[in-house]
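# Analysis of the macromolecular model
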Amino acid sequence: MLFPRIIPCLLVHNKGLVKTVKFKDPKYVGDPINAVKIFNEKEVDEIMVVDIDASRENREPDYKMIENLAAECRMPLCYGGGIKTVEQADRIFSLGVEKIAISSIALEDPTLINRIAERVGNQSVIIVLDVKKKSFSSKYEIWTHNATKNTGKDPLEFAKQCEALGAGEIIINSIDHDGVMKGYDLTLIDKIRESISLPMTVLGGAGSLDDIGGLIKKYGIIGVAAGSLFVFKGKYKAVLINYPNRIEKESLISANFLY
Amino acid sequence: MIAIINYGLGNISAFANVYKRLNIPVTIATRREDLKNSEKIILPGVGAFDHAMTLLQKSGMRETLDELVLEKKIPVIGICVGMQILANSSEEGVLPGLGWIDGVVKKFDSLLIKHKTRLPHMGWNTIKPLNGNGLFASLPEDPRFYFLHSYYFHCNNEVNTVANTQYGIEFASAVNSENIYGVQFHPEKSHENGIHVLNNFANLNYVIS
């Protein structure tokens, strides 16, 4: 039986780990390798690491960092940030990363999805869509470059296009809910979930394990990712890497996962 | 010594790290000379079938591997696409596989998967070991492993399936024929259960019959 995945998402900025709120105000929360070591011990389902500087600074991914992370991870690693070419994707793949996440370049040149998939297999090509609700409208739009550029594209239509081009997973990240810790944007997830037949992971807004349980109850097998929830503790947001232990996770899943 | 084949695919360091934790010496083989003293072989892999076969041919290790595995009967384990290339061919590509275990690699039929189909098969799933295969000795009940694939190994001889997993259909999540093993999941990324399987592989005693 396949289980839903509960995934910590870590952001790298100036070589340190940070957590943002609505993609702004990065707060330093620690060292990436150290965090991975802790998440190893906590036996997380998967981990996602995004270099939030690479695309914005228009530079190459930090291969040395990726290599160190991949070697340390005893769980699958999804890396994103700065990937623009098949060659870069190939190189990152050879460092031992299981999944490669692309975002801005997929919007500029969607055919790259297909070209990367041919090399690394479509199971490993992950598309991250940073999505923001349009003001005074029920519509959503995809933004890139840390929510500074509006592509004007509709996430639902684009997700379908990604699937047709051979993507392996879609990660929907809500800009408005990022770091707010008041729950996921269910309206957004609803819109996309049933329109694609790829695995989907949602990110942005988790404030408690109940938020995660709620998603599992509603959607069953789904990737549930969170940043703040797994790096902060308490109402004053003290930095503390955490993740449900084996028993907590089992009860969270068995209480919500209807199969 | 266990040789980990480095042909440009898969997480070589993750395997090396697991064995380091277990205090089992390994060597990373990038050329055929590196395979000289190997007693066991790990063939890792993540990626597309043809890409894996192309890289393996290019590595210059193919002939030596054939000799070690087919003639000297050295135990080998293929991981993920490293398992799939043990087959004769794959629906994912046009190149022939190694043909070490009689079978073909097929794409999941999404029409057979309950609820709404999601491919690739991605995440933690349980496996059911069959016939007490030594690779799965003393694992907990319903052990979970990490899967990431859209194609599966179809064995032409049922006896070669040594563990199966449910995803729409029941498919072979592990195969074995004599000294040749393959697992579809990623033991190097499956926490304790994965370490356990890699330890079992290191301790397997294959007796040439």
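Not measured: the values here are computed from a predicted model. (Residues numbered from 1 in each chain as written. Chains lettered and ligands numbered in written order. Predicted model: local features only at pLDDT ≥ 70, side-chain atom pairs only at ≥ 80, totals over all residues.)

### Digging into the overall build of chain A
- A count of helices and strands for chain A gives ten helices and 14 strands.
- Rg of the C-alpha trace for chain A: 17 Å, near the compact-globule value of 18 Å for 259 residues, within the 12% margin.
- C-alpha atoms of chain A, sized along the principal axes, occupy 40 × 40 × 40 Å.
- A separation threshold of at least 6 residues defines the contact pool for chain A, and within that pool the share at least 24 residues apart is 65%. (Helix = DSSP H or I, 4+ residues; strand = E, 2+ residues; numbered from the N terminus. Rg over C-alpha atoms; globule rule 2.2 N^0.38 Å. Contact = placed C-beta atoms within 7 Å.)

### A look at the overall build of chain B
- The helix and strand tally for chain B stands at five helices and 13 strands.
- C-alpha extents for chain B along the principal axes are approximately 50 × 40 × 35 Å.
- Out of the 209 residues in chain B, the part that is buried amounts to 53%.
- Look at the contacts in chain B between residues 6 or more apart in sequence, and 71% of them connect residues 24 or more apart. (Buried ≥ 20, exposed ≤ 12 C-beta atoms within 10 Å, placed from the backbone.)

### Quick notes on the environment of Trp100(B)
Residues and elements named next belong to chain B.
- On the secondary structure map, Trp-100 appears in the loop between strand 5 (89-90) and strand 6 (103-107).
- Take Trp-100: there are 23 C-beta atoms within 10 Å of it, and that puts it in the buried class.
- Remark: the alpha-carbon pair of Trp-100 and Tyr-181, spanning 81 residues in sequence, is separated by 9.7 Å.
- In contact with Trp-100, not counting residues within four places along its chain, are Val-69, Leu-86 and Ile-180.

### Some remarks on the interface of chain A and chain B
- On the chain B side, the residues contacting the 28 residues of chain A number 30 residues.
- Looking at the side of chain A that touches chain B, the elements that each hand over two or more residues are helix 2 (63-72), helix 3 (86-94) and helix 5 (111-120) of chain A.
- Among the elements that line the side of chain A that touches chain B, the one with the most residues is helix 5 of chain A, at three residues.
- Here the residues of the side of chain A that touches chain B sort into twelve nonpolar, eight polar and eight charged. (Nonpolar A, V, L, I, M, F, W, Y, C, P; charged D, E, K, R; others polar.)

### Re the environment of Met181(A)
Residues and elements named next belong to chain A.
- Looking at the secondary structure, you find Met-181 in the loop between strand 10 (169-174) and helix 7 (186-193).
- When the C-alpha positions of Met-181 and Leu-11 are compared, they lie 16 Å apart, and in sequence the two are 170 residues distant.
- The residues touching Met-181, leaving out its near neighbours within four places in the chain, are Gly-205, Ala-206, Gly-207, Ser-228 and Leu-229.

### Notes on helix 3 (residues 62-71) of chain B
Residue and element names in this part refer to chain B.
- Of all the positions in helix 3, only Leu-65, Leu-68 and Val-69 are classed as buried. Viewed along the axis of helix 3, the buried residues span an arc of 85°, placing them on a single side of the element. Summarising the geometry of helix 3, the exposed residues directed more than 90 degrees from the buried face are Glu-63 and Glu-71.
- Residues of helix 3 that are buried make contact with strand 3 (40-43), strand 4 (76-79) and strand 13 (180-183).
- Just downstream of helix 3 lies Lys-73, where phi reads positive at about 55°. (Arc of directions from axis to C-beta.)

### Focus: the nonpolar core
- If you look at the biggest cluster of nonpolar residues, it comprises 146 residues, and the most contacted ones within it are Ile47(A), Ile100(A), Ile127(A) and Leu129(A).
- Sequence-distant contacts of Ile100(A), defined by excluding residues within four places in its chain, comprise Tyr79(A), Ile83(A), Ala89(A), Ile92(A), Phe93(A), Ile116(A), Val120(A), Ser124(A), Val125(A) and Ile126(A). (Core = buried A, V, L, I, M, F, W, Y, C linked by C-beta atoms within 7 Å.)

### Here we look at the pairing of strand 12 (residues 223-226) of chain A
Residues and elements named next belong to chain A.
- Residues Gly-223 and Ala-225 of strand 12 are buried on one face, and the alternating residues Val-224 and Ala-226, pointing to the opposite face, are buried as well.
- Inspection of the sheet shows strand 1 (residues 5-13) paired to strand 12 by four bridges, in the parallel sense. Within strand 12, the position partnered with Ile-6 by the bridge is Val-224.
- One crossover worth recording links strand 11 (residues 200-203) to the parallel strand 12 by way of helix 8 (residues 209-219), and it is right-handed. (Pairing = 2+ DSSP bridges. Right-handed = clockwise from strand over helix to strand, strands pointing away.)

### A look at the packing of helix 1 (residues 32-41) of chain A against helix 2 of chain A
Residue and element names in this part refer to chain A.
- Contact geometry for helix 1 and helix 2: axes closest at 10 Å, N-to-C directions at 15°. By the criterion of interaxial angle, the relationship of helix 1 to helix 2 is roughly parallel. At the point where helix 1 passes helix 2, the crossing takes the right-handed sense. Facing Pro-32, Ile-33, Val-36 and Lys-37 of helix 1, the residues of helix 2 in contact are Met-65, Asn-68, Leu-69 and Glu-72. (Axes fitted to C-alpha atoms, helices over the stretch in contact; angles between N-to-C directions. Parallel < 35°, antiparallel > 145°, perpendicular 65-115°, else oblique. Left-handed = near helix turned anticlockwise from the far one by under 90°.)

### Considering unusual backbone geometry
- Residue Pro120(B) is reached from Leu119(B) by a cis peptide bond, and omega for that bond is 0°.
- Locating Pro120(B) in the fold gives a position in the loop between strand 6 and strand 7 (121-126).
- One non-glycine residue, Lys22(A), lies in positive phi territory at about 50°.
- Within the secondary structure, Lys22(A) sits in the loop between strand 2 (16-21) and strand 3 (24-30).
- Under the C-beta neighbour-count criterion, Lys22(A) is labelled partly exposed, with 15 such atoms within 10 Å.
- The backbone phi angle of Ala147(A) is positive, close to 60°, even though this residue is not glycine.
- Positionally, Ala147(A) belongs in the loop between strand 8 (140-144) and strand 9 (149-153).

### Comments concerning the confidence of the model for chain B
- Put simply, chain B has an average pLDDT of 93, and 97% of its residues get 70 or more.
- In the model output, the complex is listed with pTM 0.95 alongside ipTM 0.93. (pLDDT = per-residue confidence, 0-100.)

### Structural notes on helix 5 of chain A
Residues and elements named next belong to chain A.
- Residues of helix 5 that are buried: Ile-113, Ile-116, Ala-117 and Val-120. Mapping the buried residues of helix 5 onto a view down its axis gives an arc of 105°, with all of them on the same face.
- Residue Gly-121 follows helix 5 closely and has a positive phi angle near 85°.

### Brief notes about the pairing of strand 3 of chain A
- Pairing between strand 2 of chain A and strand 3 of chain A: four bridges, direction antiparallel. Considered in strand 3 of chain A, the bridge of Leu17(A) is made with Gly30(A).

### Topic: the packing of helix 3 of chain A against helix 5 of chain A
Residue and element names in this part refer to chain A.
- Packing of helix 3 against helix 5 brings their axes to within 9 Å, and their N-to-C directions diverge by 35°. Helix 5 is crossed by helix 3, and the crossing has right-handed handedness. Judged by residue contacts, Val-86, Ala-89, Asp-90 and Phe-93 of helix 3 engage Arg-115, Ile-116, Arg-119 and Val-120 from helix 5.
- Within the contact of helix 3 with helix 5, the residues separate by chemical class into five nonpolar, no polar and three charged.

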